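# Per-entry structural report
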Amino acid sequence: MADKQAKLELGGQTYEFPVLEGSTGPDVVDIRKLYGSTGAFTFDPGYKSTASCESALTYIDGQEGVLLHRGYPIGQLAEHSSFMETAYLLLNGELPSQQEYEDFNYTITRHTMLHDQLNTFYQGFRRDAHPMAIMCGVVGALSAFYHDSTDISDPEHRKISSHRLIAKMPTIAAMAYKYSVGQPFMQPKNDLSYTGNFLRMTFGVPAEEYEVIPAVEKAMDRIFILHADHEQNASTSTVRLAGSSGANPFACIAAGIACLWGPAHGGANEAALNMLREIGTPDRIPHYIERAKDKNDPFRLMGFGHRVYKNYDPRATVMQSTVREVFDALNVKDPVFETALQLEEIALSDPYFKEKKLFPNVDFYSGIILSAIGFPTTMFTALFALARTVGWVAQWNEMISDPAQVIGRPRQLYTGPVERDYVPLSER
Ligand code: SDX
């Protein structure tokens, strides 16, 4: 019995509902019996005030700009951990020992190859297909190739399908890029790191050895860490809802990829760089700031604002410093970075953005780095999906393993016509 209770007055009656406390963060009012006892639903389009599940994976304090993965601050993981170690942490709850880390890496490395017949699958796409269209299709198609790991009631099936998804996403994403530029697919090399392997499969060619640049490998790996998981965001909620019906994990992750593609979500990194390039020079910033503030103009500052963060997104802080590291390592300069820095400064001093607490989010600077490394903007969201697969898979496993898990089935406020009789055509 919860110590704290919430009271609701409805229809002249008083109802009490338990208030549940987490290990930190806001309490929740447990309204699972609300409809049964009051006959009323709650109404929360966009789920701005709704906790959809209990989770121990990721904690966000939007007011303070805090992001923890299994309790570890994102800044510390970005500085000291690796994407594979963070993946192990999210999946298993604790940082791995040396042996656990080596075993995990060995397993993931040896699942990076795709069934050879999937190469033919790519041939069905147009060469100019958006990589996210390819990712949706190919990841969904994995369930047609790996029947031996789709029984979600079997913990071993859940484990191997989780490893397969994490391991194969870099191969799938790299192949989507190769297909778009008409270069041959590169096979994984087991003596490279997870991220080094991805860079070689993307930018290497059979005609010569590909040398992984350590600073780029480190920056890319850090970007993957920053995108690994983020509580119950739209695409993670999509994966959970799909998984709640018992759909196989490959289909669930394909659903998450589809949701992530939207420009309000994971598609914002591509939209943000396109916006920065359209703005071009700093003198044009005021015009775009005014457009973003104009209610009659659908234009928004892409890479700005967040449903949860009403402070600086801690991932954007790391991302901004990584821009400089990559520029120095590759000896490149991109004037768009200066434009981004000035846009941030001007926006954050503008009353509109201050009042609405709109700060740069993870997508504001990421595109500048990815572009400097050599990715086309169309690949940015595919890279987000690659990294977020770790979070999606961890959240899916947590949901499937939750004994309280039931199929997700929200209700509605019906405002359509009440019952009426059919009118024959001759009488209309
Ligand atoms: C990601 O959920 C996650 O955790 C997502 C993510 C993850 O890791 O999974 O963090 C990744 O999706 C980051 C967000 C990337 N999207 C963008 O950068 C697109 C631009 N941002 C917005 O579209 C918007 O800020 C959202 C979608 C991110 C958040 O929207 P909300 O929480 O529904 O807030 P809102 O749209 O109601 O905005 C509140 C007000 C509105 O003004 P009013 O109606 O109150 O007058 O702020 C305004 C909005 O018009 N506003 C913006 C703005 N974002 C919000 N105005 C100008 N530019 C913007 N970017």
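Note that the coordinates shown come from a computational prediction; the quantities given were computed from them, not determined experimentally. (Residues numbered from 1 in each chain as written. Predicted model: local features only at pLDDT ≥ 70, side-chain atom pairs only at ≥ 80, totals over all residues. Heavy atoms only, no water.)

### Looking at the overall build of the chain
Note the following rule: Per the convention used, a helix needs a DSSP run of H or I reaching at least four residues, while a strand needs a run of E reaching at least two, with both numbered from the N terminus. Our radius of gyration looks at C-alpha atoms and nothing else; its globule reference is 2.2 Å times the residue count to the power 0.38. A simple rule labels every residue: compare its accessible area, found with a 1.4 Å probe on the protein chains alone, to the largest value its type can have, and call it buried under 20%, exposed over 50%, or partly exposed in between. Per-residue and other accessible areas were derived by the Shrake-Rupley procedure at a 1.4 Å probe size, with only the shown protein chains allowed to occlude residues. Just so you know, the count uses Lys and Arg for positive and Asp and Glu for negative, and it drops His and the chain ends. Note on charges: their place is set at NZ of Lys, CZ of Arg, CG of Asp or CD of Glu.
Scanning the chain from terminus to terminus reveals 18 helices and six strands. Since a compact globule built from 428 residues should have a radius of gyration of about 22 Å, the 23 Å found for the chain is in line with a globular shape. Expressed as lengths along the three principal axes of its C-alpha atoms, the size of the chain is roughly 75 × 65 × 60 Å. By residue count, 47% of the 428 residues in the chain fall in the buried class. Looking at the chain as shown, the accessible area adds up to about 21400 Å², and 52% of this sits on carbon and sulfur atoms. Of the side-chain charges in the chain, 38 are positive and 51 negative, and the distance between the mean point of each set is 4 Å.

### Considerations on helix α14 (residues 314-330)
Stated formally: Working rule for helices: expected span equals 1.5 Å times residues minus one. Contacts are residue-level and defined by heavy atoms, with any inter-residue pair within 4.5 Å sufficient.
In a regular helix each residue adds 1.5 Å, so 17 residues correspond to 24 Å; α14 covers 25 Å between its end C-alpha atoms and thus fits that length. Along α14, the residues classified as buried are Pro-314, Arg-315, Ala-316, Val-318, Met-319, Gln-320, Thr-322, Val-323, Val-326 and Phe-327. Buried residues in α14 make contact with β5 (66-69), α2 (74-80), α9 (214-226), α15 (335-348), α17 (363-373) and α18 (380-400). Where α14 ends, the next residue or the one after it, Asn-331, has phi of about 50 degrees, a positive value.

### Focus on the site of the ligand
To be explicit about the condition: Only heavy atoms are used to decide nearness, and a residue is near a molecule or strand if one of them lies within 4 Å of it. N or O atoms closer than or at 3.5 Å make up a polar contact, with two conditions inside protein: a donor-capable atom paired with an acceptor-capable one, and, for residues adjacent in sequence, both atoms drawn from side chains.
In the region of the ligand, 25 residues are neighbours, and His-230, Leu-301, His-306, Arg-315 and Arg-388 sit closest. The backbone of Phe-304 places a nitrogen or oxygen atom 2.8 Å from a nitrogen atom of the ligand. For the ligand, an oxygen atom lies 2.6 Å from a polar atom in the side chain of His-306. In isolation the ligand has 1000 Å² of accessible area, and contact with the protein removes 80% of it.

### Things to note about the pattern of salt bridges
When the charged atoms of two side chains with opposite charge come close together, those side chains can pair. Formally: When a carboxyl oxygen of Asp or Glu is within 4 Å of a side-chain nitrogen of Lys or Arg, the pair counts as a salt bridge.
Counted according to the given criterion, the structure contains 14 salt bridges. Close ionic contact of Lys-293 with Asp-350 constitutes a salt bridge, the shortest N to O distance being 2.7 Å. Linking Lys-293 in helix α13 (residues 285-293) with Asp-350 in the loop between α15 and α16 (351-355), this pair joins segments that are 57 residues apart in sequence.

### A look at the packing of helix α7 (residues 155-181) against helix α8 (residues 194-203)
Helix-helix packing is described using two parameters, namely the angle between the two axes and the distance between the axes. Let me state the cut-off plainly: A fitted line through C-alpha atoms serves as each axis, taken over the contacting stretch for helices, and the angle formed by two N-to-C directions is quoted from 0 to 180°. Any angle from 65 to 115 degrees is called roughly perpendicular, while one under 35 is roughly parallel, one over 145 is roughly antiparallel, and all others are oblique. In this scheme, a crossing is called left-handed if the near helix is turned counterclockwise away from the far one by less than a right angle; it is called right-handed if the turn is clockwise.
Contact geometry for α7 and α8: axes closest at 8 Å, N-to-C directions at 20 degrees. The angle between α7 and α8 places the two elements in the roughly parallel class. The way α7 lies across α8 gives a crossing that is right-handed. Counting all contacts with α7, which are made through Ile-166, Ala-167, Pro-170, Thr-171, Ala-173, Ala-174, Tyr-177 and Lys-178, the residues of α8 involved are Tyr-194, Phe-198, Met-201, Thr-202 and Phe-203.

### Details of the side chain of Gln-232
Looking at the secondary structure, you find Gln-232 in the loop between α9 and α10 (234-244). A polar contact is formed between the side chain of Gln-232 and the side chain of Arg-240, at a distance of 3.0 Å. Sequence-distant contacts of Gln-232, that is, excluding residues within four places in its chain, are made with Ser-52, Cys-53, Ser-55, Ser-237, Arg-240 and Gln-395.

### As for the layout of surface pockets
Threshold: In this analysis a 1.4 Å probe is tested at points of a 1 Å grid over the protein atoms alone, and where it fits but cannot get out there is a cavity; an open set with protein on both sides within 12 Å along at least five of seven lines is a pocket; lining residues have an atom within 4 Å of a point. Grid points are joined across faces, edges and corners, and a volume is the space filled by probe spheres set on the points.
In this structure, the second largest pocket encloses a volume near 510 Å³. If you trace the second largest pocket, you find 24 residues lining it, with Leu-91, Asn-92, Asn-397, Glu-398 and Ser-401 closest to the centre. Elements with a minimum of two residues in the lining of the second largest pocket: α3 (83-92), α4 (98-109), α7 and α18. Looking at the lining of the second largest pocket, the element that brings in the most residues is α7, giving five residues.

### Description of the sheet that holds strand β4 (residues 58-61)
Stated formally: Whether two strands pair depends on DSSP finding at least two bridges between them.
The three strands lie next to each other as β4-β5-β6, forming an open sheet whose pairing is antiparallel. Bordering the open sheet on either side are β4 and β6 (72-73), each of which pairs with just one other strand. In the sheet, β5 pairs with β6 via two bridges, with the strands oriented antiparallel. Opposite Leu-68, over in β6, you have Pro-73 as the bridge partner.

### Comments concerning empty space enclosed by the protein
Enumeration according to the criterion identifies one cavity of 30 Å³ or more in this entry. Within this model, the largest cavity holds a volume of roughly 40 Å³. Lining the largest cavity, in full, are Ile-223, Phe-224, His-227, Asn-269, Ser-366, Leu-370, Phe-380, Leu-383 and Phe-384. For the lining of the largest cavity, the elements supplying multiple residues, two or more each, are α9, α17 and α18. In terms of residues, the lining of the largest cavity owes the most to one element, α18, which gives three residues.

### What about the nonpolar core?
Within soluble globular proteins, side chains that are nonpolar tend to cluster in buried spots. Test applied: Side-chain atoms within 4.5 Å are what join buried Ala, Val, Leu, Ile, Met, Phe, Trp, Tyr and Cys residues into a set we call a nonpolar core.
Counting residues in each nonpolar core, the largest one holds 116 residues, and the members touching the most others are Ile-257, Leu-301, Tyr-365, Ile-368 and Phe-375. Broken down by element, this core gets its largest block of residues, 14 residues, from α18. Setting aside anything within four residues of it in sequence, one finds Ile-257 in contact with Met-132, Met-135, Cys-136, Val-139, Met-169, Ala-385 and Trp-392.

### Observations regarding the sheet that holds strand β1 (residues 4-10)
The antiparallel open sheet is built from three strands, whose spatial order is β1-β2-β3. One side of each edge strand has no neighbouring strand; the edge strands of this open sheet are β1 and β3 (28-29). In the sheet, β1 pairs with strand β2 (residues 13-20) via seven bridges, with the strands oriented antiparallel. Note on β2: the bridge partner recorded for Lys-7 is Glu-16.

### So, the packing of α10 against helix α11 (residues 249-260)
As a reminder, the rule being used: Residue polarity is assigned by list, with Asp, Glu, Lys and Arg as charged and Ala, Val, Leu, Ile, Met, Phe, Trp, Tyr, Cys and Pro as nonpolar; anything else, Gly included, falls into the polar class.
One can describe the packing of α10 onto α11 by two numbers: an axis separation of 8 Å at closest approach and a directional angle of 150 degrees. If you check the angle between α10 and α11, you find them roughly antiparallel. In the packing of α10 onto α11, the handedness of the crossing is right-handed. From α10, Ala-234, Ser-235, Thr-238, Val-239, Ala-242 and Gly-243 reach across to α11, where they touch Cys-252, Ile-253, Ala-255, Gly-256, Cys-259 and Leu-260. Across the contact of α10 with α11, the residue classes break down as eight nonpolar, four polar and no charged.

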